[in-house]
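Next come the chains, spelled out residue by residue.
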Amino acid sequence: MAEKDRYYQPSDVEDALLEVQKLFNSYRSAPLTQELLTYHQNLTSRLTSDLRDAARIEQRPDLVTATQQMAQAMQNWTNVRLSGQPYPGRLRHFKFVPDATGPKFKRHVVKDHGSGTHRSSRH
């Protein structure tokens, strides 16, 4: 495998932020180890230096604020996890979102005696 194919090459800042968000959400509940903490600090420093500078070069003030918000949420993750608590949320659209929020879908089971199916919906 070629050296340039080994690493993820984002096309722009937004693509890179999506990748960082995906990586953070994948390890946010993992057991805390020294390797994970080092990896996390590396991602956070990339956000505050490389990606923020690239967002300024692309003249995207929305992404500059997104990098700051993501870095703040990721620093809070470090404080929460070092205190021994589970992290109560995730990153979505470059912002912290608590776990308890989101759409709730109600399901109402109706026994329809006409057909052989147990569940049916009457619209």
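## Quick notes on the overall build of the protein
Item 1. Scanning the protein from terminus to terminus reveals four helices and two strands.
Item 2. Here the protein displays about 9000 Å² of accessible surface, and carbon together with sulfur accounts for 52% of that area.

## Describing the environment of leucine 23
Item 1. Structurally, the position occupied by leucine 23 is in helix H2 (residues 13-27).
Item 2. For leucine 23, a relative accessible area of 25% gives the class partly exposed.
Item 3. The spacing of leucine 23 and histidine 40 is 17 residues in sequence and 9.5 Å in space, taken between C-alpha atoms.

## Some words on the nonpolar core
Item 1. In this structure, Leu17, Leu47 and Met74 are the most contacted members of the largest nonpolar core, which totals 23 residues.
Item 2. At the level of secondary structure, the elements contributing two or more residues to this core comprise H2, helix H3 (34-57) and helix H4 (61-82).
Item 3. If near-sequence neighbours (up to four positions away) are discounted, leucine 47 is found in contact with Leu17, Val20, Arg52, Thr67, Met70, Ala71 and Met74.

## Observations concerning the packing of H2 against H4
Item 1. At a minimum axis separation of 11 Å, H2 and H4 run at an interaxial angle of 15°. One element, H2, and the other, H4, form an angle in the roughly parallel class. Viewed along their axes, H2 and H4 form a crossing whose handedness is left-handed. For the pair formed by H2 and H4, the contact residues are Val13, Glu14, Leu17, Val20, Gln21, Phe24 and Tyr27 on the first element and Leu63, Ala66, Thr67, Met70, Met74 and Trp77 on the second.
Item 2. Residue composition of the contact of H2 with H4, by class: ten nonpolar, two polar and one charged.

## Points about the environment of aspartate 50
Item 1. Looking at where aspartate 50 falls in the secondary structure, it is placed in helix H3.
Item 2. Under the relative-accessibility criterion, aspartate 50 is labelled partly exposed at 39%.
Item 3. Separated by 37 residues in the primary sequence, aspartate 50 and valine 13 have C-alpha atoms spaced 9.6 Å apart.
Item 4. A polar atom in the side chain of aspartate 50 sits 2.7 Å from the side chain of arginine 46.
Item 5. Side chain to side chain, aspartate 50 and serine 49 meet in a polar contact 3.5 Å long.

About the cut-offs
- Starting afresh in each chain, residues are numbered from 1 along the sequence in its written order.
- Given that the model is predicted, a residue must reach a pLDDT of at least 70 before its local features are reported, and side-chain atom pairs must reach 80 or more before they are shown or counted; all residues, however, enter totals for whole chains, interfaces and linings.
- Working from all heavy atoms in the structure, the side-chain values ignore hydrogens and water.
- The helix and strand labels rest on DSSP assignments: H or I over at least four residues marks a helix, E over at least two residues marks a strand, and numbering proceeds from the N terminus.
- Accessibility throughout is a Shrake-Rupley quantity obtained with a 1.4 Å probe, and a residue counts as covered only by protein chains that appear here.
- Burial here depends on accessible area, computed with a 1.4 Å probe over protein chains only, as a share of the maximum for the residue type. Under 20% is buried, over 50% is exposed, and the range in between is partly exposed.
- In plain words, nonpolar cores are sets of buried Ala, Val, Leu, Ile, Met, Phe, Trp, Tyr and Cys residues tied together by side-chain atoms within 4.5 Å.
- Any two residues whose heavy atoms approach within 4.5 Å are treated as being in contact.
- To obtain an axis, a line is fitted to C-alpha atoms, over the contacting stretch when the element is a helix, and the angle between two such axes runs from 0 to 180 degrees between their N-to-C directions.
- Angle categories are assigned with fixed cut-offs, so that under 35 degrees is roughly parallel, over 145 is roughly antiparallel, 65 to 115 is roughly perpendicular, and the rest are oblique.
- Crossings are sorted by hand: turned counterclockwise from the far helix by less than a right angle, the near helix makes the crossing left-handed, and turned clockwise it makes it right-handed.
- Charged residues are taken to be Asp, Glu, Lys and Arg, nonpolar residues to be Ala, Val, Leu, Ile, Met, Phe, Trp, Tyr, Cys and Pro, and polar residues to be all remaining types, Gly included.
- N or O atoms closer than or at 3.5 Å make up a polar contact, with two conditions inside protein: a donor-capable atom paired with an acceptor-capable one, and, for residues adjacent in sequence, both atoms drawn from side chains.

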